[in-house]
Amino acid sequence: MDQSTKNMIFPLQVMAYKGYMNVLKTAAKIIPMPKPTLFTGSDSSLELCEAIAQMGSRKVLIVTDTVLLKLGILDSIQQTLTDNNVEFVIYDGVLPDPTYHQVESGLALYKSGDCDAILAVGGGSPIDAAKVIAARVNNHREIKKLTGLFKVWKAPAPLFVIPTTAGTGSEVTIAAVVSDPVTHKKTPLIDPKLVPMMASLDASLMIGLPAHVTSATGMDALTHAVEAFISMNASADTDAYAIAATKLIIQNLSITVSDGANLDARQKMAMASYYAGLAFTKASLGYVHAISHNLGAKYGTPHGLANAIVLPYVLEYSMPEIAPRLAKLSRACGLGVTRDSDNALAQVFIDHTQGMLKEYGISSQLDALKIEDVTEIAQAALKEAHFNYPVPKYMDQTQCETLIKRILVT
Ligand SMILES: NC(=O)c1ccc[n+]([C@@H]2O[C@H](COP(=O)([O-])OP(=O)(O)OC[C@H]3O[C@@H](n4cnc5c(N)ncnc54)[C@H](O)[C@@H]3O)[C@@H](O)[C@H]2O)c1
Ligand SMILES: [Fe+2]
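The written sequence of each chain sets the order in which its residues are numbered from 1. Chain labels run from A onward and ligand labels from 1 onward, assigned in the order the entries are written. This being a predicted model, a pLDDT of at least 70 is required before a residue's local features are given, and a value of 80 or more before pairs of side-chain atoms are given or counted; all residues contribute to the totals for chains, interfaces and linings. The basis for the side-chain values is all heavy atoms of the structure; hydrogens and waters are excluded.

Caption draft 1: Spatial organisation of the coordination of the iron ion (ligand 2). Protein-derived coordination of the iron ion (ligand 2) comes from Asp220 (OD), His224 (NE2), His289 (NE2) and His303 (NE2), at a distance range of 2.1 to 2.2 Å. Any nitrogen, oxygen or sulfur atom within 2.8 Å of a metal ion counts as a donor, with the limit raised to 3.2 Å for Na, K and Ca, and since water is left out, coordination shells can look unfinished. The rule is simple: four donors are tetrahedral if all their angles sit between 85 and 135 degrees, four are square planar and six octahedral if opposite donors span more than 155 degrees and the others lie between 65 and 115, and anything that fits none of that is irregular. Coordination at the iron ion (ligand 2) is irregular: its four donor atoms span angles of 84 to 165° at the metal. Relative accessible area decides the class of each residue, using a 1.4 Å probe on protein chains only: under 20% of the type maximum gives buried, over 50% gives exposed, and in between gives partly exposed. Overall, His224 belongs to the buried group, its relative accessible area being 2%.

The following block contains the structure:
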């Protein structure tokens, strides 16, 4: 197809995408979205362990990673389970961006250990792996067949979650992202049944999170809040969560990066991550995630870091359509002068995100990105975005490539 034909049919394609997004908006309004019972504050992870016993679980599969195990982050959790007569086996094979294979290994341990519940302790990677293990317990189909919308037909095993980053918001979302080992693509499972039964937001477990992981995971939470807020499927409900999250992140992320031991700021970031999760689980995401997922799949770029780099470029591209929305966020967060124009305040918000990257030592370019990969990454990102994300301003292949090229180191 030549360029002029592509230009002619693109507006028609956009009409089809928008129609489909309206269907999803109605579905999000009708389908009940469960929330986990929440325990918050220092040592709330131990309260959660007591609740697991009270719920009648005899033996849990703990899903985590070796780093957390070595750091001793699970010590008091294991002790509390033992004190409450709950046995456990540990699957610590999860790596960043978990694969189908890791899920199946965890599932095998769940079965051989005769477990009756799952406890995830970790960042988004162990939580997502645990969500899919829980789904696989009663859904006897290969993981590939569970990916996509509403494919988890039978109730998962009881799932309890303790996030140690702030974060992905996975403790409250209907999504789990796992990677296909053959295509190396990140393939999401999206189903309300994936929402955990209970979660704890315990900042005392996040004190040792290194500054570079703190900043990247915090920028992931900010991206969730902002993409949900500028989404065409945003509602009063999701707006409230997105604004609350953005405000908490603007006020607290820098503190947690420079002073990791600040428990109050860490707890507020954990809450922000949870609110951002609530916002995007209904309002969805946008081009930042579509592009960053594909950078992650291609180069192994950590999820939060990729989002942090891409966020300002997508916001700039989406102007002026998103100016009133970004201006609203600026006003809510006390950025800029309230009576300034929407365009000016939106720019203040974009400048602020770029300022955060500078402060955290995050480059605006991605070293790993190669010019010869741009076309393929743009194709994959648009494929992901156009039937999943209700973006406020659509882009075609050429526009997406132009945006991605801005991330190249020149
Ligand atoms: N399901 C969802 O809704 C959702 C949303 C966003 C992202 N994700 C997925 O989540 C994954 C990323 O999760 P993440 O960003 O939380 O990182 P992660 O879970 O991959 O962890 C990153 C690193 O931080 C370490 N770490 C975690 N907590 C720590 C702590 N308290 N102290 C010291 N080290 C700690 C881990 O050991 C790991 O080495 C990606 O696969 C992404 O696709 C899922
Ligand atoms: Fe994310």
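Caption draft 2: Highlighting empty space enclosed by the protein. A cavity here means a set of 1 Å grid points, computed over protein atoms only, where a 1.4 Å probe fits but cannot escape. A pocket is an open set with protein on both sides within 12 Å along at least 5 of 7 lines, and lining residues have an atom within 4 Å of a point. Grid points are joined across faces, edges and corners, and a volume is the space filled by probe spheres set on the points. Throughout the structure, instances matching the rule amount to two cavities of 30 Å³ or more. The space that makes up the largest cavity amounts to roughly 70 Å³. Every residue lining the largest cavity is listed: Glu227, Ile230, Ser231, Leu285, Gly286, Tyr287, Val288, Val314, Ser318, Pro390, Val391 and Pro392. Only DSSP runs of H or I covering at least 4 residues are called helices, and only runs of E covering at least 2 are called strands; the numbering of each starts at the N terminus. Those elements that place two or more of their residues in the lining of the largest cavity are helix H7 (211-230) and helix H10 (287-299). The classification used treats Ala, Val, Leu, Ile, Met, Phe, Trp, Tyr, Cys and Pro as nonpolar, Asp, Glu, Lys and Arg as charged, and all other residues, Gly among them, as polar. A breakdown of the residues in the lining of the largest cavity according to their chemical character gives eight nonpolar, three polar and one charged. Of the voids in this model, the second largest cavity is the one considered here, and its volume is about 60 Å³.

Caption draft 3: Fine view of the layout of surface pockets. Roughly 400 Å³ of volume is contained in the second largest pocket. Lining the second largest pocket are 16 residues, and of these Phe10, Gln13, Leu382, Asp396 and Gln397 lie nearest its centre. If you list the elements that add at least two residues to the lining of the second largest pocket, you get helix H1 (3-30), helix H14 (374-386) and helix H15 (397-405). Among the elements that take part in the lining of the second largest pocket, H1 stands out by supplying seven residues, more than any other.

Caption draft 4: The arrangement of the sheet that holds strand E5 (residues 148-149) in detail. The sheet built from three strands is open, its strands ordered E5-E8-E7 with mixed pairing. This sheet does not close on itself; its edge strands, each paired only once, are E5 and strand E7 (175-179). Only when DSSP finds a minimum of two bridges between them are two strands counted as paired.

Caption draft 5: Representation of a nonpolar patch on the surface. On the surface, Tyr20, Val23 and Phe387 cluster together to form a nonpolar patch covering roughly 270 Å² of accessible area. By the element assignment, Val23 lies in helix H1. Note on patches: the residues involved have over 30% relative accessible area and no salt bridge, like charges join within 9 Å, and the nonpolar side chains Val, Leu, Ile, Met, Phe, Trp and Tyr join within 5 Å. In short, Shrake-Rupley with a 1.4 Å probe defines the accessible areas, and a residue's cover is counted only from the protein chains shown. In what follows, salt bridge is the name for a side-chain nitrogen of Lys or Arg lying within 4 Å of a carboxyl oxygen of Asp or Glu.

Caption draft 6: A look at the side chain of Asp191. For Asp191, the position within the fold is in the loop between strand E8 (186-190) and strand E9 (198-201). Whenever two N or O atoms come within 3.5 Å, that pair is a polar contact, provided that in protein one can donate a hydrogen and the other can accept it, and provided that, for residues adjacent in sequence, both atoms are side-chain atoms. Within the structure, Asp191 has its side chain in polar contact with the backbone nitrogen of Lys151 (distance 3.4 Å). In contact with Asp191, not counting residues within four places along its chain, are Phe150, Lys151, Val152 and Ile174. Throughout, a residue-residue contact means that at least one pair of heavy atoms, one from each residue, lies within 4.5 Å.

Caption draft 7: Quick peek at the environment of Phe229. Secondary-structure assignment places Phe229 in helix H7. Separated by 47 residues in sequence, Phe229 and Ala276 place their C-alpha atoms 9.6 Å apart. Here Phe229 is in contact with Ala234, Asp239, Ala242, Ile243, Arg325, Lys328 and Leu329, once residues within four sequence places are set aside.

Caption draft 8: Broad picture of the pattern of salt bridges. All chains considered together, the criterion is met by 12 salt bridges. Taking the shortest distance from any N to any O, the salt bridge between Asp237 and Lys282 comes out at 3.1 Å. Here Asp237 is found in helix H8 (residues 236-258), whereas its partner Lys282 is found in helix H9 (residues 263-283), with 45 residues between them in sequence. The exposure class of Asp237 is partly exposed, given its relative accessible area of 35%. Taking relative accessible area as the criterion, Lys282 reaches 31% and is therefore assigned partly exposed. Between Lys268 and Asp264 there is a salt bridge whose closest N-O contact spans 3.0 Å. Of this pair, Lys268 and Asp264 are both found in helix H9, four residues apart, which corresponds to roughly one turn of the helix.

Caption draft 9: Fine view of the sheet that holds strand E3 (residues 87-91). The parallel open sheet is built from six strands, whose spatial order is E1-E9-E6-E4-E2-E3. Each end of this open sheet is capped by a strand with a single partner; those strands are strand E1 (37-40) and E3. Strand-to-strand twist across the sheet, computed as the mean angle between neighbouring axes with direction ignored, equals 20°. Alignment of strand E4 (residues 117-122) against strand E6 (residues 159-163), held across five bridges, turns out to be parallel. Bridging from a neighbouring strand, Ala120 pairs with Val161 of E6. Most of the contacts of helix H2 (residues 44-54) go to E9, to which it runs at about 160°, and overall it touches E1, strand E2 (59-63), E4, E6 and E9. The convention used is that axes are lines fitted to C-alpha atoms, helices contributing only their stretch in contact, and that angles between N-to-C directions extend from 0 to 180 degrees. Here helix H6 (residues 124-138) sits on the sheet in contact with E2, E4 and E6, set at roughly 165° to E4.

Caption draft 10: Fine view of unusual backbone geometry. Of note, the amide linkage connecting Met319 to Pro320 takes the cis form, showing an omega dihedral of 0°. Unusually for a residue other than glycine, Asp97 sits at a positive phi of about 60°. Looking at the element boundaries, Asp97 is found in the loop between E3 and helix H5 (100-112). Positive phi outside glycine occurs at Asp114, with the angle close to 55°.

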